[in-house]
Structures are given as C-alpha cells and as structure tokens.
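# Fold and contact review
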Amino acid sequence: MPRDVLVSPGVLMATQEVATVLPDGRRVTRWTFGAPNGVTVEVLSLGARLQALNVPDRAGRRANVVLGSDSVEDLLGQASYFGATVGRYANRIAGGVLPIDGKTHRLATQLTGHTLHGGPDGFATRVWDGVPVRADRQVGVRFRLRSPAGDQGFPGTVTAEVTYLLDADGELSITYQAATDAPTVVNLTNHAYFNLAGEGRATVLDHLLRVEAGGYLPVDRDLIPLGPVEQVSGTPFDLRCARRIGSCISAEHRQLRAAGDGFDHNWVLDGSGFRRAAVLSHPESGRQVECLTTEPGLQVYTGNQFDGSLIGGSGRRYTAYAGIALETQHFPDSPNRPDYPSTVLRPGEKYRSRTVYRFSAQ
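Notes on the structure in this doc start here. Counting from 1, residues in each chain are numbered in the order their sequence is written. Selection of residues for local features in this predicted model requires a pLDDT of at least 70, selection of side-chain atom pairs for listing and counting requires 80 or more, and totals for whole chains, interfaces and linings are taken over all residues. For the side-chain quantities, the full set of heavy atoms in the structure was used; hydrogens and water were omitted.

Turning next to the overall build of the protein chain. Along the backbone of the protein chain there are 3 helices and 31 strands. Put simply, the radius of gyration uses C-alpha atoms, and a globule should come to 2.2 Å times the residue count raised to 0.38. In terms of C-alpha radius of gyration, the protein chain reaches 19 Å, essentially the compact-globule figure of 21 Å for 362 residues. Counting all 362 residues of the protein chain, 60% fall into the buried class. Here, residues are in contact when the closest pair of their heavy atoms is within 4.5 Å. Restricting to contacts in the protein chain with at least 6 residues of sequence separation, those with at least 24 account for 64%. With the model as given, the accessible surface of the protein chain reaches about 14000 Å², and the carbon-plus-sulfur share is 49%. Considering the protein chain, the positive charge centre built from 37 side chains and the negative charge centre built from 37 side chains are found 2 Å apart. By the criteria applied, helices consist of DSSP H or I runs no shorter than four residues and strands consist of E runs no shorter than two, each listed in order from the N terminus. Relative accessible area decides the class of each residue, using a 1.4 Å probe on protein chains only: under 20% of the type maximum gives buried, over 50% gives exposed, and in between gives partly exposed. Under the convention used here, a 1.4 Å probe and the Shrake-Rupley method define accessible areas, while residue burial counts only the protein chains that appear. A positive count includes Lys and Arg, and a negative count includes Asp and Glu. His and the chain ends are not counted in either. For charged residues, the charge sits on one atom: NZ in Lys, CZ in Arg, CG in Asp, CD in Glu.

Take the pattern of salt bridges next. By convention in these notes, a salt bridge is any Lys or Arg side-chain nitrogen within 4 Å of a carboxyl oxygen on Asp or Glu. A complete count under the given rule lists 18 salt bridges for this structure. A salt bridge links Glu 42 to Arg 30; the shortest N-O distance between them is 3.5 Å. Here Arg 30 lies in strand β3 (residues 27-34) and Glu 42 lies in strand β4 (residues 40-44), a separation of 12 residues in the sequence. On the basis of relative accessibility, which here comes to 18%, the residue Arg 30 falls in the buried class. Glu 290 is the partner of Arg 276 in a salt bridge, and the nearest nitrogen-oxygen pair spans 3.9 Å. Of this pair, Arg 276 sits in strand β24 (residues 275-281) while Glu 290 sits in strand β25 (residues 287-293), and the two are 14 residues apart along the sequence. Residue class for Arg 276 comes out partly exposed when judged on its relative accessible area of 30%. A cluster of three or more residues bridged by salt bridges with shared partners is formed by Arg 210, Glu 212, Arg 276 and Glu 290.

Here we take up the side chain of Thr 355. By the element assignment, Thr 355 lies in strand β31 (residues 351-361). For Thr 355, a relative accessible area of 1% translates into the label buried. A polar contact is formed between the side chain of Thr 355 and the side chain of Thr 328, at a distance of 2.6 Å. Residue contacts for Thr 355: discarding those within four places in its chain leaves Leu 172, Ser 173, Ile 174, Cys 291, Leu 292, Thr 293 and Thr 328. Polar contact criterion, stated in full: a pair of N or O atoms within 3.5 Å, where within protein one must be able to donate a hydrogen and the other to accept it, and residues adjacent in sequence count only if both atoms are side-chain atoms.

Following Gly 87, the chain continues into Arg 88 via a peptide bond in cis, with omega recorded as 10°. With respect to the helices and strands, Arg 88 occurs in the loop between β7 (85-86) and β8 (92-93). The phi dihedral of Tyr 321 falls on the positive side, at around 70°, and the residue is not glycine. Tracing the chain through its elements places Tyr 321 in the loop between β28 (317-319) and β29 (324-329). Assessed through its relative accessible area of 17%, Tyr 321 is described here as buried.

You can see Thr 109 is positioned in the loop between β10 (103-106) and β11 (115-116). Take Thr 109: its relative accessible area is 33%, and that puts it in the partly exposed class. In this structure the C-alpha to C-alpha distance between Thr 109 and Ala 94, which are 15 residues apart in sequence, comes to 9.3 Å. Among residues more than four places away in sequence, those in contact with Thr 109 are Gly 95, Gly 96, His 114, Thr 115 and Pro 120.

By nonpolar core we mean a set of buried residues, namely Ala, Val, Leu, Ile, Met, Phe, Trp, Tyr and Cys, connected to one another through side-chain atoms within 4.5 Å. By size, the foremost hydrophobic cluster in this structure holds 61 residues, and its most contacted members are Leu 53, Tyr 164, Phe 194, Leu 209, Val 211 and Trp 267. It is strand β14 (residues 158-167) that contributes the most residues to this core, 5 residues altogether. In this structure Phe 194 touches Leu 53, Val 65, Val 66, Val 204, Leu 280, Gly 323, Ile 324, Tyr 357 and Phe 359, once residues within four positions along its chain are discounted.

This next bit is on the environment of Arg 243. Turning to its location among the elements, Arg 243 is positioned in strand β22 (residues 243-244). Through-space distance from the C-alpha of Arg 243 to that of Val 28 is 39 Å; in sequence the pair is 215 residues apart. If sequence neighbours within four positions are ignored, Arg 243 has contacts with His 207, Leu 208, Leu 209, Thr 235, Pro 236, Asp 238 and Cys 248. For Arg 243, the side chain forms a polar contact with the main-chain oxygen of Thr 235, separated by 3.4 Å.

Dropping the structure here:
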C-alpha cells in the first residue's frame, strides 16, 4: 500500500509506492492521486509514464481508459511507449539525420532506418526522478531526467522535466520543460492510448473524434512526411466536426493505406497559444475527453499495428484499433523541413509545452 498521503483542497494523493523492480535492480515508483468526481491517476517513474487513468461514465461507473501493461518485460519492450513521455524527439527524424547550424549529427535509429521517439533507448525506457508536488487545488508529481550530450546521438546535455497535476475537478495537466548547454532539438509528448469504453474493451472504432485542424501532413510508407501541408477538406482527415473513427478509416484513401489502414498522421492545428486541439467521445458510456495544448501539431494514431501479441493490464489482448493516441507535439521530421515550426533549443532558452485533458460524462 502507499506509504504517504498528502491532502490538497478536494484532492487526495498517495505517493512513494514501489511498483516493481527492474532486472538491473532499479526501483520503479508509482504515484496515485485522485479527485472527488472519481477521476484517479497512476503514474510511474519508468518513462515518466501515465499508467492508469480511471474515469466515471454517465452512470458513475469507473473504468481505466488508457492502455498499459503490468509486465516489466513489456514496459521495456513492445509496450515501452504506452503512456510514456517520449523524447528527446517525439515522432520521426528521417534517416537519423539531424542538421543543426551547418553540422550534421547522426542519431541512433530503429530497424526502419529512421529515429523514432528519440531512438531505441529514448526517454520512455529511462527511470526518471520524481517528487510529489502541490499547487492551488492541484496535486501531482514532477519528474526530472538528465540526458547527457551524445545520448542517442543528440548534441547537448538536456535536463527535462515533466509535471503531472490533477485538479479538484478531475482535469489532468501535463507540463514539459527542458534546457540545454548546446544547440539541440527537443520535442516531448505523452504517448497514452485512450479507449473510453475501458482498457481492453473492444476497439475505438465506435468513438467520435473531432480535431481542430484544416490541414494535415501526408506521409510515405515509412510514415515520414512528404512535405507540404494538405487540406483536409473532402477527405477522411476532415475531423472539424466529430466523426465516427471507424467510418473515417474504412474509406478509400491512399494515405489510410500508407499508414496501415488507419490514421498515423500529424494534423496541423488551427490557431496558436493554448487552445483546444481535439475532442474524443464514446457515445455508449458517455465518456468524453477534451484535449487542449500549446503545441502546433497533433499526431493521431489509431493502433493500426496492434496484432494481439500484447496482453494489457485487463488480461485482454490488444488487437488493431484497441486504442487511439492523441500526441500533442511539433511536426515529424521538422529538423529536416525548414518550412515546419522549429524544434531547435539553444543555451539560455527554455523549452515549454503544456497539454490538458478535461474529462466529462455526457
């Protein structure tokens, strides 16, 4: 059981529970905190990871709405991205080629030949240092990680922080900060997969999704952006009004086939500053999550490649479309695309990003 309990106005938090021990002896800590409306959050120090998120439906019945695994082997392997903070660079850098200030850095790559989510040993597989934090009507945990120069080929020593805060209304915010001692790139996000019916229950094909974006980035077969923004109008990517996910990805469109019969694309969000990016809802349960962010892009991935080999915390196998990732971030491969928003971070600058998930039951 948790050892410590901290109370903030209307919110209860439990801290410092050892969740598991890694094969090399390192301990993984779990923090659990909750709100009066029944929303509870579990985060792990392994990957600064959102491990579970319990949300009530319209009848008050609670269910975990994010995919995850209780297996250490899976959390270090095929489930390493589930709910994790991914970086240094979320999404893809083509060919592992990183140009900065006229110098080309060669990054570690996966089997595809590209760098995905910071490389094969990215932030998702690290054990972060965590401390409980409290703010006005909020309670949560702050994680910190030091990434040395040359880590996965990236230049500069980077110190990154990720803070999870839950308020008394059950609103979950994730705030990212980073600093560097040499020019580098930073692009962080959370890689949670949502299923508002409940983890391990059917698919997200019956969910409704709205994305506040008039454009998206078409990709090649390796999911590297082809270049210019394409307008969503007249395509299955037009989610400016809520649409059923299953009907969208079953349409005939070359980009759906390129991504493995579904979405795995970056939407170019409308507007700037902190604003709404997307709304995901499940009509049967009434659960809804509104996603707000400061980021310019939203990567939507519908779990097209899930093949049933991974067993989740519910004991059920994850097959195709078992969850949907809504990854707030900068654009894929932006270091090689001068026309995309820059992700370069320099000494003396501070990287900042914020994403909020608001839950309700309709």
